[in-house]
Every structure is written in structure tokens, then in C-alpha cells.
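Listed below, chain by chain, are the residues.
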Amino acid sequence: MTDRMLPTPEAGDLLDLTAEIAERELAPRAAAAEAAGEFPREVFATLGRAGLLALPYPEELGGGGQPYEVYLQVLEELAARWMTVSLGVSVHVLSCFPVVAWGSDDQRDRWLPTMLGGQALGAYCLSEPHCGSDAAALTTRAELVGDRYRVTGTKAWITHAGVADFYNLMVRTGDTGAKGISCLVTPAATPGMAFATPEHKMGMMSSPTAQVILDGAQVPAEDLVGAPGDGFRIAMQALDAGRLGIAACAVGLARGALAEAVGYARERQAFGQAISGFQGLQFMLADMDTQVHAARALLLEAARLKDAGRPFTLPAARAKLLATDVAMRVTTDAVQVLGGAGYTTDFPVERYMREAKVLQIVEGTNQIQRVVIGRALARG
Ligand SMILES: Cc1cc2nc3c(=O)[nH]c(=O)nc-3n(C[C@H](O)[C@H](O)[C@H](O)COP(=O)(O)OP(=O)(O)OC[C@H]3O[C@@H](n4cnc5c(N)ncnc54)[C@H](O)[C@@H]3O)c2cc1C
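Residues numbered from 1 in each chain as written. Predicted model: local features only at pLDDT ≥ 70, side-chain atom pairs only at ≥ 80, totals over all residues. Heavy atoms only, no water.

Colleague: Tell me about the overall build of the protein chain, and name the residues and values.
Modeller: When helices and strands are tallied, the protein chain shows eleven helices and ten strands. Relative to the 2.2 N^0.38 estimate, which gives 21 Å for 380 residues, the radius of gyration of the protein chain is 21 Å and therefore close to what a compact globule would have. With respect to the three principal axes, the spread of C-alpha positions in the protein chain is 80 × 45 × 40 Å. Looking at the protein chain residue by residue over its 380 residues, the buried ones come to 53%. (Helix = DSSP H or I, 4+ residues; strand = E, 2+ residues; numbered from the N terminus. Rg over C-alpha atoms; globule rule 2.2 N^0.38 Å. Buried < 20%, exposed > 50% of the residue type's maximum accessible area, 1.4 Å probe, protein only.)

Colleague: Account for a negative patch on the surface, with residues named and values stated.
Modeller: On the surface, Glu10, Asp13, Asp16, Glu59 and Glu60 cluster together to form a negatively charged patch. Tracing the chain through its elements places glutamate 10 in helix H1 (residues 9–26). (Patch = residues over 30% accessible without salt bridge, like charges linked within 9 Å, V, L, I, M, F, W, Y side chains within 5 Å. Areas by Shrake-Rupley, 256 points an atom, 1.4 Å probe, with all protein chains shown as cover. Salt bridge = Lys/Arg side-chain N within 4 Å of Asp/Glu carboxyl O. Lys, Arg positive; Asp, Glu negative; His and termini not counted. Charge placed at Lys NZ, Arg CZ, Asp CG, Glu CD.)

Colleague: Any chance you could break down the site of the ligand for me, citing the residues and the numbers?
Modeller: Neighbouring residues of the ligand: 18 residues in total, closest Tyr124, Ser133, Trp157, Thr365 and Gln367. The separation between a nitrogen atom of the ligand and a polar main-chain atom of tyrosine 124 is 2.7 Å. Tryptophan 157 places a polar main-chain atom, nitrogen or oxygen, 2.8 Å from a nitrogen atom of the ligand. In the complex, 64% of the free accessible area of the ligand, which totals 970 Å², lies under the protein chains. Of all elements in the fold, only strand E3 (148–159) and helix H11 (366–379) reach the threshold of two or more residues within the shell around the ligand. The class makeup of the residues in the shell around the ligand is nine nonpolar, seven polar and two charged. (Near = heavy atom within 4 Å. Polar contact = N/O pair within 3.5 Å; in protein donor to acceptor, adjacent residues only side chain to side chain. Nonpolar A, V, L, I, M, F, W, Y, C, P; charged D, E, K, R; others polar.)

Colleague: Please set out the packing of helix H7 (residues 231–267) against helix H9 (residues 313–337) residue by residue, giving values where relevant.
Modeller: For the pair H7 and H9, interaxial distance at closest approach is 8 Å and the crossing angle is 20 degrees. It follows that H7 is roughly parallel to H9 by the angle criterion. The hand of the H7/H9 crossing is left-handed. When its residues are assigned to classes, the contact of H7 with H9 shows 20 nonpolar, three polar and three charged. (Axes fitted to C-alpha atoms, helices over the stretch in contact; angles between N-to-C directions. Parallel < 35°, antiparallel > 145°, perpendicular 65-115°, else oblique. Left-handed = near helix turned anticlockwise from the far one by under 90°.)

Colleague: Summarise the nonpolar core; cite the residues concerned and give the values.
Modeller: Of all hydrophobic cores here, the largest spans 103 residues; its most connected members are Leu47, Leu72, Val89 and Leu244. No other element matches the 20 residues that H7 contributes to this core. Residues Ala123, Tyr149, Leu184 and Met193 belong to the second largest nonpolar core, which totals 19 residues. (Core = buried A, V, L, I, M, F, W, Y, C linked by side-chain atoms within 4.5 Å.)

Colleague: Tell me about the pattern of salt bridges, and name the residues and values.
Modeller: Scanning the entire structure with this criterion turns up 17 salt bridges. For the salt bridge of glutamate 77 with arginine 255, the shortest nitrogen-to-oxygen distance reads 3.4 Å. With glutamate 77 in helix H4 (residues 68–79) and arginine 255 in helix H7, this residue pair connects regions lying 178 residues apart in the sequence. By the burial criterion, glutamate 77 is buried, and arginine 255 matches it. For lysine 155, the salt bridge is made with glutamate 128, and the minimal N-O distance between the two is 2.8 Å. Here glutamate 128 lies in the loop between strand E1 (122–125) and strand E2 (141–145) and lysine 155 lies in strand E3, a separation of 27 residues in the sequence. Assessed through its relative accessible area of 0%, lysine 155 is described here as buried. You can call glutamate 128 buried: its relative accessible area is 2%. Sharing partners across several salt bridges, the network here consists of Glu23, Glu76, Glu77, Arg81, Arg255 and Arg296.

Colleague: Account for the packing of H7 against helix H10 (residues 349–359), with residues named and values stated.
Modeller: Axis separation between H7 and H10 bottoms out at 10 Å; the angle between their running directions is 160 degrees. Classified by the angle between their axes, H7 and H10 sit roughly antiparallel to one another. Where H7 crosses over H10, the handedness of that crossing is left-handed. Listed contacts from H10 to Ile246, Cys249, Ala250, Leu253, Gly256, Ala257 and Glu260 of H7 are Val349, Tyr352, Glu355, Ala356 and Leu359. A class-by-class count of the residues in the contact of H7 with H10 yields nine nonpolar, one polar and two charged. (Contact = heavy atoms within 4.5 Å.)

Read these as spatial facts, not as claims about activity.
Below is the structure:
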């Protein structure tokens with residue numbers, strides 16, 4: 001059903017390894033850990049040891065040196081088993097971006113060995129309680145006092161808050177608007193940085209999402225990434241690539257839901273036959289299957305443009321929009337295919353449906369993706 005087209009034999013081996021780890025370490029544990037709200041830190045350690053936490057970054061910096069299209073298919077494999085882990089890898093890769101792409105040699109030397117080596121887990125702190133979509137309106141303030149920034153404000157909805165080892169903080173060092181924003185990177189043990197109680201969410205209970213409270217937090221000036229005022233550009237560049245990660249999570253989730261639905265429909269008997277024999281269900285499954293393939297095709301098109309060094313902001317917005325809307329529809333339909341059983345926690349499809357919803361919200365809601373695409377069309 002997955003019909004992979006991979007650029008190298010090595011990429012095939014990597015995907016086989018990922019699928020093996022995912023089957024062994026993720027699939028058997030996902031449902032219980034989600035019900036208990038347990039963050040699987042040791043799974044990330046395993047993925048780090050296997051080299052799966054820094055795949056798209058250059059080998060000379062300690063990354064895996066893989067094309068983005070391969071990294072995205074690794075995420076897809078993980079997402080087909082456990083969204084918390086797949087989304088967590090995507091957030092970690094996003095969180096490494098500022099130092100990889102904008103860091104000084106000194107920052108790269110100090111930060112990248114553990115970031116890309118798989119020991120340190122990252123968090124990306126852009127959103128605030130009063131502004132998510134309108135990120136340029138952020139108000140967390142960083143004042144340079146001597147050789148340190150004193151940072152005060154609240155970052156909201158931060159994935160891995162409290163469990164991450166390093167935090168990218170988008171902060172205001174200048175005037176209002178995008179040009180007054182800068183990027184700091186700081187370790188978990190930063191004096192003056194604390195974490196609120198995690199949010200009670202609809203899904204992804206194993207993935208902690210919480211506010212990061214900055215109360216005069218002390219960040220050395222040498223941990224400013226880029227120049228003062230570069231922060232918004234850094235954040236948006238990171239999100240362009242990150243959105244492809246979210247799209248890959250969505251494709252994997254939809255694929256997992258489709259597989260559950262097909263498996264159940266072949267087994268379940270009604271009116272003297274397997275329900276997969278009814279044309280009404282076959283049409284539904286055919287639509288699900290086609291949507292998954294369409295979403296993957298758009299995702300890979302965007303990834304290949306990125307890999308070729310071509311502009312990919314617009315293709316990434318399209319891929320995020322389509323793939324996450326597809327994940328919502330396909331997971332909802334999977335619940336329908338399973339009938340009453342689909343509405344219980346005995347089967348994973350109700351969890352998949354809850355997980356799909358968040359993908360339409362994070363890293364730019366799907367309305368914001370439409371804004372990006374619509375503005376480009378209007379500009380001509
Ligand atoms: C589980 C989870 C994990 C997250 N992880 C992170 C993280 O790690 N780091 C981080 O920085 N953030 C994170 N977020 C925050 C997420 O990126 C924001 O929730 C998202 O960007 C939307 O912002 P908001 O919630 O403030 O909604 P708002 O911006 O208030 O939007 C509310 C509604 O208005 C719509 N809207 C807003 N502006 C427009 C417009 N111009 N045109 C049309 N419609 C519009 C939105 O689409 C939405 O439907 C996470 C959120 C969740 C739920």
C-alpha cells in the first residue's frame with residue numbers, strides 16, 4: 001500500500017530500520033502510554049542512538065546527511081505507530097534548525113554534538129497566550145544587561161516543555177513587529193525559567209504541552225542565534241521545513257487508520273459476508289486510500305523542491321493543508337468503518353481521530369496555510 005520511491009538503497013535500509021524499531025518499541029506501548037499520559041523519553045534515546053533524531057542535517061555537523069524526502073518518510077513510519085513520537089521527532093528537528101542554519105561556529109561547536117547526536121531533546125518556543133497565528137505580535141521581552149539577556153514573559157503551548165533539554169526562545173529585543181524579534185537558545189536549567197502544569201488535551205496525552213514561564217530568565221548573550229532582529233526570519237524558515245514534518249506525520253497517521261479500517265472490514269461479518277464486500281464501504285476505503293496517496297505525492301513534491309534548493313514555502317503550505325485535512329477525514333472515516341467498535345478504546349482509530357485534529361492546528365493553522373497560498377495567488 002505504501003509504494004515507496006526512494007532515492008538510494010541506503011534510504012530503503014533506513015526505512016526498514018525505522019519500521020522495525022517502530023514495530024518493536026512504539027506500536028506495543030502507544031495505547032497504554034497515551035492512556036496514562038506518560039512521555040516516552042527512553043524511546044527518544046533509542047531513536048537518538050539509531051541516528052534518527054537528526055537525519056536531514058549535514059553529516060559534517062553531526063547529522064544524518066539524508067535528503068528531506070527520506071527524513072519525512074521516516075516520520076511517516078513513526079506516525080503510523082505513535083503520533084507523540086513522530087511529532088516529537090519533528091519538533092526536535094525543528095528545534096535544531098536555528099543553530100544548524102544560523103548559529104556561529106562557536107554555537108555549533110557547543111550545541112550541535114548533543115542536539116544532533118541524539119542525547120538532547122529540543123523545544124521550539126514561539127507561541128504566546130495572546131498570539132499564536134499572529135506570532136509577530138509576541139511580547140516576551142529580552143533586555144541585554146551586561147553579558148546576559150534577562151528574559152521575561154510566557155511562551156504557550158510548548159511541546160516538550162519540562163522534558164526538553166534545550167529551548168529556542170523567540171523574544172522581543174527591539175520595537176514592535178517582526179523586525180524586533182530575536183532568537184535565543186538556552187538549556188533547561190536556565191535560572192528564571194520554569195514550566196507550568198501540562199495542558200489537559202483532547203489527544204497526544206503522552207506529549208507534554210505546557211507554558212514556559214520566563215521570570216527574568218538569565219541567558220548568556222553568546223546564546224543569541226543570528227543577529228538581533230533575525231528571530232522572526234529564523235522562526236519562519238524553521239516553520240517552512242517543520243510544516244513538511246507535520247504533513248508527514250499526517251500522512252503516516254492516515255495510513256495507519258486506513259490499514260486498521262481495511263483489516264477490520266476484511267474480518268467483520270454482516271449480512272452473511274465480510275463488510276469489505278459491500279460497495280458502500282469499498283468506495284469509502286477507495287477514497288481514503290486515494291487521499292493518502294495524493295497527500296503523500298504533494299508532500300514528496302515539496303520535499304524534493306527543498307532538497308533541490310528551490311523555494312518551497314508555498315509547496316510546504318499546500319502539503320501541510322492537504323495532508324492534515326486528509327488525516328482528519330481518513331481517521332474520521334476509519335471510525336465509521338469500524339462501527340461501534342471504532343468508538344471504543346479497544347481499537348486505535350478513535351485515538352487517531354483525536355490526534356489528527358491537532359495537526360490541523362499546529363505550526364500554522366490550516367486557515368493560515370490558506371492565507372499563505374491565497375496571498376501568493378493574489379500577488380501573482
Ligand atoms: C498540542 C499543541 C502543541 C503545540 N506545540 C507548539 C510548540 O511546540 N511551539 C509553539 O510555539 N507553539 C505550539 N503550539 C501552538 C500552535 O502553533 C498554535 O496553537 C497555533 O499556531 C494557533 O494559534 P492560537 O492557538 O493562538 O490560535 P489563534 O491564532 O488565536 O487562532 C484562532 C482561530 O482563528 C483563526 N485565524 C487566526 N488568524 C487568522 C487569519 N489571519 N485568517 C483566518 N483565520 C485566522 C485560526 O486559524 C484559528 O482557527 C502548539 C499547539 C498545540 C495545540
